[in-house]
Amino acid sequence: MTDTKIEFLYLSEPDMIKAGVLDMSKCVQTIEETFRLLGKGDYLMGGPLENEHGIMLWFPEVQRTPNMPVAGPDRRFMSMICYVGGDFNVCGDKWYGSNIENVKRGLPRSILMVTLNDPVTGQPLAYMSGNLISAMRTGAVPGVAAKYLAKTNAEVVGILGAGVISRACLKAIAETQKNIKEVRVYDLIVEKAEDFSREMSEQLNLNVFAVSSMEEAIAPADIISVATAGPKKARIETEWLKPGCLLTLTGTADLDDECYLSNKIVADNWKMHQAWLTDAKEHPKGMDSIMSWAPTGQLLKLVDEGRKEHGEIINLGDVVLSNQTGRTTDDERIIFVTGGMPIYDVAWAYTIYQEALAKGLGQKLLLWEKAHWA
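Rules used in this analysis
Residues numbered from 1 in each chain as written. Predicted model: local features only at pLDDT ≥ 70, side-chain atom pairs only at ≥ 80, totals over all residues. Heavy atoms only, no water. Buried < 20%, exposed > 50% of the residue type's maximum accessible area, 1.4 Å probe, protein only. Helix = DSSP H or I, 4+ residues; strand = E, 2+ residues; numbered from the N terminus. Contact = heavy atoms within 4.5 Å. Axes fitted to C-alpha atoms, helices over the stretch in contact; angles between N-to-C directions. Parallel < 35°, antiparallel > 145°, perpendicular 65-115°, else oblique. Left-handed = near helix turned anticlockwise from the far one by under 90°. Core = buried A, V, L, I, M, F, W, Y, C linked by side-chain atoms within 4.5 Å. Phe/Tyr/Trp six-rings, centres within 6.5 Å; stacked < 30°, edge-to-face > 60°. Expected span 1.5 Å × (residues − 1). Arc of directions from axis to C-beta.

Chemist: Would you mind going over helix α10 (residues 297–304) in detail, with residue names and values included?
Modeler: The element α10 is largely enclosed, with a buried count of 6 among its 8 residues. Looking at the buried side of α10, the elements it contacts are β14 (253–254), α7 (257–262), β15 (264–267), α8 (270–282), α9 (288–291) and β17 (334–337). Residue Gly-306 follows α10 closely and has a positive phi angle near 80°.

The structure is reproduced here in structure tokens:
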């Protein structure tokens, strides 16, 4: 008789750390492989076009009932589902709630969980803490982008935003760029930039220091990493971007239209960004509905207006597979836009899940000995 007992592994954040979730070298390798699968089409995301970022609760601006939340900066719930092929061959979902007000409660802005499922039966394999998965994979993406898009022998890195994600981004960039001589950090809160600089200098053995303006961080930089949050986007002037630089937009930023129109644009997965454009068309507020949170909002507006063509934008997965050329000269300026995809989360989560199994970490939880109704 077939054994129909189902158990799954629960992994707390301490379990995840023991299993190696903070291993940036391995995370970069995992995300690079994910881009290969992306380029091959060996993945699925939500929606009929297979490329939805996720499905999000849109909170109303005016409270309808006594307990219903209202819209606010970074206030949302989202479910991000996907299938990742290759050696991963797993389905999964990243579920999160986000509220900028959480920091006043001593909590992270977003609280995340990841579920892994067998792609054939749908049975759960693992349920795990997702904050470190998400932060690490988010940082690993610009690290992979720098490997394929940065100029030869890039030496100076500029960092905008001295938060958790910028820490991960810098670690990943340092993994793939071995000629870095200095890192310039800007944050609206000077103390945060200084703390970041001390911490990263020690961890990475690099010359990391705080600067007093965004221009000081950006103008000398060969690689710029933007990971800022809040109601106001960081304004980056086009003249600050030197020839040959790579600008990676992990967070939202305010650029001139001409900056998008005159420089090469490489995306993590442009089909996903196109899905955001479709969502905007269906929303009562149109394009305004995505401008505050979608990192490619300005770019999508240019596409919607017919000033930029979809075909002009390159996908990093195609560059990784050598199906398209990324950088052509050391003087070319490249803007890398990323919106985050659940395939990253699930690929990294599955990698850590395998490590946890090997190390005997986590807690097995029973779903059933035998399904009551089958």
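Chemist: I'd love a proper account of the packing of helix α3 (residues 131–149) against helix α12 (residues 342–359), names of residues and values included.
Modeler: The contact between α3 and α12 brings their axes to 9 Å, and the two run at 115°. When the axis of α3 is compared with that of α12, the two are roughly perpendicular. Seen from above, α3 lies across α12 with right-handed handedness. For the pair formed by α3 and α12, the contact residues are Ile-133, Ser-134, Met-136, Arg-137 and Val-141 on the first element and Tyr-344, Asp-345, Trp-348 and Ala-349 on the second.

Chemist: I'd like a rundown of the nonpolar core, residues and numbers included.
Modeler: Soluble globular proteins tend to bury their nonpolar side chains together. Core analysis: the biggest nonpolar cluster contains 107 residues, and Leu-116, Met-128, Ile-236 and Leu-316 have the highest contact counts within it. Examining the composition of this core, we find that 10 residues originate from one element, α12, more than from any other. In this structure Ile-236 touches Leu-160, Ile-218, Val-226, Leu-241, Leu-247, Ala-253, Asp-254 and Leu-255, once residues within four positions along its chain are discounted. Among the nonpolar cores identified, the runner-up in size contains 5 residues, and Met-56, Met-80, Tyr-96 and Leu-112 belong to it.

Chemist: Could you give an account of the packing of aromatic side chains, with specific residues and numbers?
Modeler: To describe a pair of aromatic rings, you give the distance between the ring centres and the angle between the ring planes. Per the counting criterion, the structure on display carries 5 aromatic pairs. Centroid distance Phe-77 to Trp-95: 5.6 Å. Interplanar angle 25°. Geometry classified as stacked. Separated by 18 residues along the polypeptide, Phe-77 in strand β4 (residues 76–84) and Trp-95 in strand β5 (residues 90–98) bring together distant segments of the chain. When the ring of Tyr-350 is compared with that of Tyr-353, the centres are 6.0 Å apart and the planes differ by 50°; the resulting orientation is tilted. Note that Tyr-350 and Tyr-353 are positioned in helix α12 at a spacing of 3 residues, about one turn of the helix.

Chemist: An account of helix α5 (residues 190–204) is requested, with residue identities and associated values reported.
Modeler: Between the first and last C-alpha of α5 there are 21 Å, a value that for 15 residues agrees with the 21 Å anticipated at 1.5 Å per step. Taken together, the buried positions of α5 are occupied by Ala-193, Phe-196, Ser-197 and Met-200. Projected down its long axis, α5 shows its buried positions confined to an angular sector of 100°, all on one face. What points out from α5, more than 90 degrees from its buried face, is the exposed set Glu-191 and Glu-202. Summarising the contacts, the buried residues of α5 are in contact with β8 (156–160), α4 (164–176), β9 (182–186) and β10 (208–210). Phi turns positive one or two residues past the end of α5, at Asn-205, with a value near 55°.

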